[in-house]
Every structure is written in C-alpha cells, then in structure tokens.
Amino acid sequence: MAGAVEDIGYGTQFASWYHRIFPTDASVAAVADTLAALHPDPGSGTLELGVGTGRIALPLAARTGPVSGVDSSPEMLDLLARTTGPGPGGNRAEVTGIHGDIRTYTDDRRYGLVYAVCGVLSMLLTPQDQQAMFRRAADLLTPGGRLVVETGNRPAVEALHEGRSRITLFTPYPEPGTGLQTHSTLPPGSDLWQCSHIWYESDGSTRVGTELSRPITPDEADAQALAVGLAPEGRHSGWDLSPYDERFPLFLTTYLKGA
C-alpha cells in the first residue's frame, strides 16, 4: 500500500496556522465546484494527492461523495481527522486521510478523478520526483479518468523577482492588523524557490515558517504527463478555467487517461 513515507516537514511548521494563511472562504467553494464539474464520474471515486487538512476535499466530498486523500504530514492528517468526525447533525462529508508518499503511493482501487492542487506538485523538488507523482496519478486513474494539477508557475515567479535574487513582499489580510510577510529567494540559475514567511496576528503575535518549492511551466507539466501516457487536455490560470496567463502565480492543467 503506502510503503515508506518521506515527510518534508511542511505540516510540522504550518499545520497549526495553515487555516490563517489559507482560510476556508468563497474561493474554496469555487475550487470544489470546478473539481466537481471536471469529475468524469463521481461514482468512480476521487483521490487527492496532498490532502492536507482537507480544505478542498471536504467541500468536494459534499458535492461528489467520498474522497480519499494522501499526505505525508501526520500533523495535517490529524487536523483532517478532527474535522471529519461525527457532528451534531450526523456525519460530516466523508474524507479518508491516508498517510503516504504521493511519489510512491498505490492501492487496490482506481479513481475517476485524481487531483493535486495548491502547489503540491511544486513541493517535489526534482524533475524525477515530480515525474513520479504523475506516474502514480496515471496508475491510479480509471480508463477515461481525469488528473487535475494546480502548481507553481515559473514565469510568474521570475517576473515577480525582476532579475533580483531576493525580494520581500507583504500581503495584508482582511482582518485588521493581520498579514503575511514573505522573504522570497530565487538564486540565478536555480530552479528552486525558497519562501520564508512571517504571519502577523492582530494581537501582535507572529508565527514563522519556511518552504522550498520547484515551480515549473505548463509545457514541462505536459511533458511529464505525456511520459506516463496521460493526454494534455487544458491549461488555465484559475478555477474559473480562464485561459493560461504566465503572469499568474499558479496554473491549472488537466489530463485524460485513455480508455
């Protein structure tokens, strides 16, 4: 089944304040709506690679039925388990968290929809590891199934840096006194992007975390998919499925497995 799991430590740093950076708001419903519309057959099953706290899987399960989700972080899966327990009105949307490595995970069933969103592919730091995720997705899809990937967009990151190796950004949040400061590093010639974040709460407290990622281009993602027998279907700049624009920090691509 899952085999050995190599955890990069993302959940160790971010699990307790992930919901502050990525709140459950109207944007989450939009993602779930689009994923549900892209599902070839909800009855054939749904699998998320990098499920985290279930931020996307939970609303999607309410639309399409049970979702299985693989993640390497015990901390994130613990938060998911707390969310999916019985509620006052009965069971909440059914999401099954699985401790596993998205580069090697397999099981006995196949799924009509497999998806990896919120930059999960970017968290794999070599072309070989990213290729491995595509291979696992292809093997886990039913014939005629669809893979949906949302990941970091290399051209947008480069444009953000404007030729500089280090920049600092601040993103204010709607709550007064809250915001995210990011120290961004993109060394010349490197394909790895490091972001060190400081989260500011309105009470004056702060939280700190660092992430390393490998953003790519849609062409590279398509090449990785083609290498494992998946046919590129579409590339977009958002969950409204608008056409791809290299200025957007994330891009969305879809792939089909042959019948």
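Predicted model only: the values in this text are computed from it and were never measured. (Residues numbered from 1 in each chain as written. Predicted model: local features only at pLDDT ≥ 70, side-chain atom pairs only at ≥ 80, totals over all residues. Heavy atoms only, no water.)

Visitor: Where do I start with the nonpolar core in this structure?
Guide: It is characteristic of soluble globular proteins that their nonpolar side chains tend to be buried jointly. Counting residues in each nonpolar core, the largest one holds 27 residues, and the members touching the most others are Leu 49, Val 114, Met 133, Phe 134, Leu 147, Leu 230 and Tyr 255. Elements with a minimum of two residues in this core: β1 (46–49), β6 (111–116), α6 (127–140), β7 (141–152), α8 (218–226) and β13 (250–257). In terms of residue count, α6 provides more of this core than any other element does, five residues in total. Not counting residues within four places of it along the chain, the set of residues in contact with Phe 134 comprises Leu 121, Leu 147, Val 149, Ala 221, Gln 224, Ala 225, Val 228, Leu 230 and Tyr 255. Of all hydrophobic cores here, the second largest spans 21 residues; its members include Val 28, Leu 58, Val 95 and Val 117. (Core = buried A, V, L, I, M, F, W, Y, C linked by side-chain atoms within 4.5 Å. Buried < 20%, exposed > 50% of the residue type's maximum accessible area, 1.4 Å probe, protein only. Helix = DSSP H or I, 4+ residues; strand = E, 2+ residues; numbered from the N terminus. Contact = heavy atoms within 4.5 Å.)

Visitor: Is there a simple way to explain the domain arrangement of the protein chain in this structure?
Guide: Interface size is commonly expressed as the accessible surface area that is lost when the partners come together. Taken domain by domain, the protein chain consists of domain 1 (10–153 + 216–257) and domain 2 (156–213). Look at where the C-alpha atoms of domain 1 and domain 2 centre, and you get two points 23 Å apart. Every contact between the two is made by 15 residues of domain 1 and, on the other side, 17 residues of domain 2. Summed over both partners, the interface of domain 1 with domain 2 comes to about 1400 Å²; 58% of that surface belongs to carbon and sulfur atoms. Interface area lost by domain 1 to domain 2 is led by Trp 17, Arg 20 and Leu 125, which between them contribute 47%. The tally of links from domain 1 across to domain 2 stands at two salt bridges. Of the charged contacts in the structure, one is a salt bridge between Arg 20 and Glu 201, with a shortest N-O distance of 2.9 Å. Between domain 1 and domain 2 we count eight residue pairs in polar contact (both at pLDDT 80 or more) in total. Listing elements by their share of the side of domain 1 that touches domain 2, those giving two or more residues are α1 (10–14) and α2 (18–21). Here the side of domain 1 that touches domain 2 gets three residues from one element, more than from any other, and that element is α1. (Domains from an automatic or database assignment. Buried area = accessible area lost by both parts, 1.4 Å probe. Salt bridge = Lys/Arg side-chain N within 4 Å of Asp/Glu carboxyl O. Polar contact = N/O pair within 3.5 Å; in protein donor to acceptor, adjacent residues only side chain to side chain.)

Visitor: I'm lost on the environment of Leu 60 in this one. Help?
Guide: Looking at the element boundaries, Leu 60 is found in helix α4 (residues 57–64). By relative accessible area, which is 0% here, Leu 60 ends up buried. Expressed as a C-alpha distance, the spacing of Leu 60 and Asp 33, which sit 27 residues apart in the sequence, is 7.3 Å. Setting aside residues up to four positions removed in sequence, Leu 60 forms contacts with Ala 32, Leu 35, Ala 36, Thr 46, Gly 65, Val 67 and Tyr 115.

Visitor: It is not clear to me how the sheet that holds strand β10 (residues 193–200) should be interpreted in this structure. Could you clarify?
Guide: Sheets are built from strands that pair by backbone hydrogen bonding, the pairs being arranged parallel or antiparallel. With antiparallel pairing, four strands are arranged side by side in an open sheet as β8-β9-β10-β11. The open sheet is flanked by β8 (166–172) and β11 (206–213), the only strands paired with a single partner. The mean angle between the axes of side-by-side strands here comes to 15°, regardless of whether they run parallel or antiparallel. Its contacts with the sheet put helix α7 (residues 154–161) on β8, β9 (179–185) and β10, and the angle it makes with β8 is roughly 100°. (Pairing = 2+ DSSP bridges. Axes fitted to C-alpha atoms, helices over the stretch in contact; angles between N-to-C directions.)

Visitor: When you look at the pattern of salt bridges in this model, what are you seeing that I'm missing?
Guide: Any two side chains of opposite charge can pair if their charged atoms end up close together. Scanning all chains against the criterion turns up 16 salt bridges. Notably, a salt bridge pairs Glu 175 with Arg 20, separated by 2.9 Å at the nearest N-O pair. Of this pair, Glu 175 sits in the loop between β8 and β9 while Arg 20 sits in helix α2, and the two are 155 residues apart along the sequence. With a relative accessible area of 41%, Glu 175 lands in the partly exposed category. Taking the relative accessible area as the measure of exposure, Arg 20 reaches 16% and is therefore buried. Put simply, Glu 6, Asp 101, Arg 103 and Asp 129 are held in one network by salt bridges that share partners.

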